[in-house]
Amino acid sequence: MEILFVSSEVAPWSKTGGLGDVGGALPRALAARGHDVTVVSARYRSIDAKAQGFELLPGALRVRGEPASLWVRRGRPEVHLLEHERFFGSRPGIYGEGEREYGDNAERFAFLTRAALAVPAATRKRVRIVHANDWQTALAPYLLRHEHG
């Protein structure tokens, strides 16, 4: 089965708690069972993609008119990191700093979700199942029905 797994956290690259653990372990377990799993998450400032074995894909992904870059780490599962300076690259935290959340988190993760849904077309992958992991990607089923349906 071809599965697109979308998560705001994927260990070992990003993790604040259990969500990062699930984002890292579940795709690996599904791939080990023979599924073709593509993981999409954000490239946060703390992630040195090149040093972590990711390569920058040529060409920009466009999400609602805004360009974003896509990094890939090939393997099972294949992991993609979405690079967007304003939403992810310029901030020291995943959701906020200290006890303060970023005021635009809904917009940031809507952007991530939209971009993740564009990854299969951009990489010529077929997807049959979309796994939206937690509130950050909960917009995916709506977008699939109303923008990709």
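Residues numbered from 1 in each chain as written. Predicted model: local features only at pLDDT ≥ 70, side-chain atom pairs only at ≥ 80, totals over all residues. Heavy atoms only, no water.

Before going further, it helps to examine the packing of aromatic side chains. A full pass over the atoms with the stated rule returns seven aromatic pairs. When the ring of Phe 109 is compared with that of Trp 135, the centres are 5.8 Å apart and the planes differ by 80°; the resulting orientation is edge-to-face. Of this pair, Phe 109 sits in helix H3 (residues 105–123) while Trp 135 sits in the loop between strand S9 (129–133) and helix H4 (140–146), and the two are 26 residues apart along the sequence. Against the face of Phe 87 rests Arg 86, its NZ or CZ located 4.2 Å from the ring centre. (Phe/Tyr/Trp six-rings, centres within 6.5 Å; stacked < 30°, edge-to-face > 60°. Helix = DSSP H or I, 4+ residues; strand = E, 2+ residues; numbered from the N terminus. Lys NZ or Arg CZ within 6 Å of the ring centre and 35° of its normal.)

Bringing H3 into the picture now. It helps to recall that an α-helix has 3.6 residues per turn; residues three or four apart then point in one direction. The first and last C-alpha atoms of H3 sit 27 Å apart over 19 residues, in line with the 27 Å expected at 1.5 Å per residue. Where H3 bends most, the angle comes to about 30°, and this point is Leu 117, followed within four residues by the proline Pro 120. Along H3, 14 of the 19 residues are buried, which leaves the element largely enclosed by surrounding structure. Phi for Arg 124, located one or two positions after H3, is positive at around 55°. (Expected span 1.5 Å × (residues − 1). Bend = angle between axes of the 7 residues up to and from the residue. Buried < 20%, exposed > 50% of the residue type's maximum accessible area, 1.4 Å probe, protein only.)

Glancing now at the environment of Glu 83. Note that Glu 83 resides in strand S6 (residues 78–83). By relative accessible area, Glu 83 is classed as partly exposed at 23%. In this structure, the C-alpha to C-alpha distance between Glu 83 and Arg 43, residues 40 residues apart in sequence, is 5.1 Å. If we skip the residues at most four places from it in the chain, Glu 83 touches Arg 43, Ala 68, Ser 69 and Trp 71. (Contact = heavy atoms within 4.5 Å.)

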